[in-house]
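An overview of the molecular structure
Each chain, written out:
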Amino acid sequence: MRKISADWIVPVSGAPVPGGVVIVDYDGKIISVDNREQFDNAGLEIHTGIICPGFINAHCHLELSYMHSKIPEHVGMAKFIIDLIDYRNGFRLSGESHYPEIIYDAIRRSEKEMQENGIVAVGDISNDTYTFDFKINSSLKYHTFVECFGFYPENAGKYFIQSLNIFQEARNKNLSASITPHAPYSVPPELFRLIFSFTENHPPIFSFHSQESKAENDFFETGSGDFTKVFGHFRLPLSIFQSTGKNSLQSVLPFFPEKKKLMLVHNTRSDSSDFELAARLNPETYFCTCPNANLYIQNSLPDYSHWKNYPDRICIGTDSLASNHQLSVLEEMKTIQRHDASVSTHQLVQWSTLNGAHFFGWDKELGSITPGKKPGLNLITDMDEEMKFTSASKVVKLI
Ligand SMILES: [Zn+2]
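Described below are features of the structure shown in this document. Numbers given to residues run from 1 along each chain, matching the order in which its sequence is written. Only residues with pLDDT of at least 70 are given local features in this predicted model, and only at 80 or more are side-chain atom pairs given and counted; all residues enter the totals for whole chains, interfaces and linings. Remark: hydrogens and water are excluded; side-chain values derive from all non-hydrogen atoms of the structure.

**Brief notes about a nonpolar patch on the surface**
For patch detection, residues must exceed 30% relative accessible area and be free of salt bridges, and they are connected within 9 Å for like charges or within 5 Å for nonpolar side chains (Val, Leu, Ile, Met, Phe, Trp, Tyr). Computed by Shrake-Rupley with a 1.4 Å probe, the accessible areas treat only the displayed protein chains as cover when residues are assessed. We count a salt bridge whenever a side-chain nitrogen from Lys or Arg sits within 4 Å of a carboxyl oxygen from Asp or Glu. A contiguous nonpolar surface patch, about 380 Å² in accessible area, is contributed by Met1, Tyr26 and Ile31. For the purposes of this entry, the term helix denotes a DSSP run of H or I that reaches at least four residues, the term strand denotes a run of E that reaches at least two, and both are numbered from the N terminus. Along the chain, Ile31 turns up in strand β5 (residues 30-35).

**Brief notes about the pattern of salt bridges**
Working definition: two side chains of opposite charge can pair if their charged atoms are close together. The full count for this structure, using the stated rule, is 12 salt bridges. Of the charged contacts, one joins Lys374 and Asp27 as a salt bridge, the two residues approaching to 2.9 Å between their closest N and O atoms. Residue Lys374 is found in the loop between α13 (354-360) and β16 (377-383), and its partner Asp27 is found in the loop between β4 (20-24) and β5; the two are separated by 347 residues along the sequence.

**Brief notes about the side chain of Ser248**
Position of Ser248 among the secondary structure elements: in helix α8 (residues 248-252). Exposure is judged per residue with a 1.4 Å probe applied to protein chains only, and the accessible area is read against the type maximum: over 50% gives exposed, under 20% gives buried, and values in between give partly exposed. A residue is classified by how much of its surface remains accessible, and Ser248, at 0% relative accessible area, is buried. Here a polar contact is taken to be a pair of N or O atoms separated by no more than 3.5 Å, where protein atoms must pair a possible hydrogen donor with a possible acceptor and residues adjacent in sequence count only if both atoms sit in side chains. One polar contact links Ser248 to Asn217, side chain to side chain, over a distance of 3.1 Å. Apart from residues lying up to four places away in sequence, Ser248 is in contact with Pro184, Gln211, Glu216, Asn217 and Phe220. Whether two residues touch is decided by their heavy atoms; if any such pair falls within 4.5 Å, the residues are in contact.

**Focus: the pairing of strand β8 (residues 55-60)**
The element β8 is extensively covered by neighbouring structure, given that six of its six residues are classed as buried. Pairing of β8 with strand β9 (residues 119-126), which is carried by four bridges, proceeds in the parallel orientation. What sits directly across from Ile56, in β9, is Ala121. Strands were regarded as paired on the criterion that DSSP finds at least two bridges between them.

**What about the coordination of the zinc ion?**
For the zinc ion, every protein donor is listed as His59 (NE2), His61 (NE2), His209 (NE2) and Asp319 (OD), and the spread of their distances is 2.1 to 2.7 Å. Of note is the zinc ion, whose four donor atoms meet at the metal with angles of 83 to 169° in an arrangement that counts as irregular. Only nitrogen, oxygen and sulfur atoms qualify as donors, and only when within 2.8 Å of the metal (3.2 Å in the case of Na, K and Ca); with water excluded, sites may look incomplete. As a motif over one chain, the donors of the zinc ion read H-x1-H-x147-H-x109-D. On the criterion of sequence distance, the pair formed by His61 in the loop between β8 and α1 (77-93) and Asp319 in the loop between β15 (314-316) and α11 (329-339) is long-range, its members being 258 residues apart. Think of it this way: with four donors and all angles in the 85 to 135 degree range, the site is tetrahedral; with four or six donors, opposite ones beyond 155 degrees and the rest between 65 and 115, it is square planar or octahedral; otherwise it is irregular.

**Details of the sheet that holds strand β14 (residues 285-289)**
Strand order in the open sheet formed by four strands is β12-β13-β14-β15, and the pairing between neighbours is parallel. Strands with a single pairing partner mark the edges of an open sheet, and in this sheet they are β12 (206-210) and β15. Ignoring strand direction, the axes of neighbouring strands in this sheet form an average angle of 30°. Strand direction decides the pairing type here: β12 and strand β13 (residues 262-266), joined by five bridges, are parallel. Across the sheet, residue Ser210 finds its bridge partner in β13, namely His266. Between the N-to-C directions of two axes lies an angle of 0 to 180 degrees, each axis being a line fitted to C-alpha atoms and, for a helix, fitted only over the stretch in contact.

**Topic: the nonpolar core**
Residue types Ala, Val, Leu, Ile, Met, Phe, Trp, Tyr and Cys, when buried and joined through side-chain atoms within 4.5 Å, form a set referred to as a nonpolar core. Phe55, Met114, Ile179, Met333 and Ile380 are the most contacted members of the largest nonpolar core, which has 95 residues in total. Every residue in contact with Ile179, bar those within four places of it in the chain, is listed here: Val146, Cys148, Phe160, Ser163, Leu164, Phe167, Ile195, Phe198, Asn201 and Phe206. Among the nonpolar cores identified, the runner-up in size contains 19 residues, and Val265, Cys290, Phe359 and Phe360 belong to it.

**Things to note about empty space enclosed by the protein**
Vacant regions in the atomic arrangement are exposed by a probe of water-molecule size rolled over the atoms. Here the term cavity refers to a set of points on a 1 Å grid, laid over the protein atoms alone, in which a 1.4 Å probe fits but cannot get out; the term pocket refers to an open set having protein on both sides within 12 Å along at least five of seven lines, with lining residues being those that place an atom within 4 Å of a point. Grid points are joined across faces, edges and corners, and a volume is the space filled by probe spheres set on the points. One pass over the full model with this rule turns up two cavities of 30 Å³ or more. Looking at the largest cavity, its volume works out to about 400 Å³. Along the wall of the largest cavity there are 24 residues; nearest its centre are His61, Ile81, Leu84, Glu147 and His182. It is α1 that provides the largest number of residues to the lining of the largest cavity, a total of six residues. Of the residues contributing to the lining of the largest cavity, the split by class is 12 nonpolar, eight polar and four charged. The volume enclosed by the second largest cavity comes to roughly 90 Å³. Under the convention adopted here, Pro, Cys and the residues Ala, Val, Leu, Ile, Met, Phe, Trp and Tyr are nonpolar, Asp, Glu, Lys and Arg are charged, and Gly plus all remaining residues are polar.

**Comments concerning the layout of surface pockets**
Approximately 490 Å³ is the volume attributed to the largest pocket. If you go around the largest pocket, you meet 19 residues; those closest to its centre are Arg88, Phe149, Gly150, Tyr159 and Gln162. Of all the elements in the fold, those that place two or more residues in the lining of the largest pocket are α1, β10 (141-148) and α4 (156-172). The residue inventory of the lining of the largest pocket, partitioned by class, reads 10 nonpolar, five polar and four charged.

**Structural notes on the packing of aromatic side chains**
Two rings from Phe, Tyr or Trp (for Trp, the six-membered ring) form a pair when their centres sit within 6.5 Å of each other. Planes less than 30 degrees apart are called stacked, planes more than 60 degrees apart edge-to-face, and all others tilted. Counted under the stated rule, the structure contains 31 aromatic pairs. Between Tyr104 and Tyr130, the ring centres sit 6.0 Å apart and the planes meet at 70°, which makes this aromatic pair edge-to-face. Taken as a pair, Tyr104 in helix α2 (residues 99-116) and Tyr130 in the loop between β9 and α3 (132-137) lie far apart in primary sequence, 26 residues in all. Taking the relative accessible area as the measure of exposure, Tyr104 reaches 30% and is therefore partly exposed. Tyr130 gets classed as buried once you look at its relative accessible area, which sits at 12%. Here Phe167 and Phe198 contribute two aromatic rings whose centre-to-centre distance is 5.2 Å and whose plane-to-plane angle is 90°, an arrangement assigned as edge-to-face.

Right, dumping it as structure tokens:
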């Protein structure tokens, strides 16, 4: 049995406990959270900082880890997509017979990095099968979103079969997996219908990149703007895309099922009416932010003032190393609080633990320091006197 104490315990299931003590058995199971007065200090592990549950990285693309530092920063969304696809295609065609090993090595390093950064579970996007064998044997918990996309409406059946094959490989390896649409501009209505008529998802939860840039909204509203460059670069005729006169989210939400859990990812350009619409059409909608990826790609962040109206529905992701310098939920929380000091540490810890656990259905075990759970325990050091993050704040995985 370990009796662990710190300046604050943030159990998430209840209010932060100043100077609290967490009792944990040797298996990592929480026995109790108490006040320190009841204990003799001699029997305690006492730390400086706050203790919170293990983090849930709600949005990652582990298979893209080999693109670390390869894609230029601050180029805007359209150019980023072009650069990323060109890099991937060039890499595959480079004739490097050892390219899968480079991908595997990067995945291995990223998994280790996430573990060291106190992440215990991951919602991971896969367009391929490279990560599957790592996931089978990992100490991290995973849900794999097999991401489906393709631009030509007449080829929707072909795109779906490709995703189905990847999904079946995941399920053959007993991985938790679902087929999910990529983004508004890359999924024609025919493909949405195929994706949402599929009933073998395990469990049926969905992720969707949404309103990541102004260019995405412009493209739907007027059929013009930066996204025409993406179509031009890849020689896609603009006639295959139908603008709607509405923003991207409003244009595609009617395709989504009403009561299935949906995680809208990025929402960098979503306003309060977009959030209200999504939550009204489907009360099971969650909103995920990946601020460091937003900074990397377009040097801008969401306006979090209306995010706080959905305290139980916000999650935090790192996105991939193609658009981030590290895979660390703590670094994402620091960025949010630096940008908007009114978001409390307690709120941020809830966004990065319990909310994700609820979304993925992992809340029996993870997400809060509650007796009976095995959430993992993180110590965050170098907080300021008001329990806010500083640029020096670090995470140490205690369990
Ligand atoms: Zn992403």
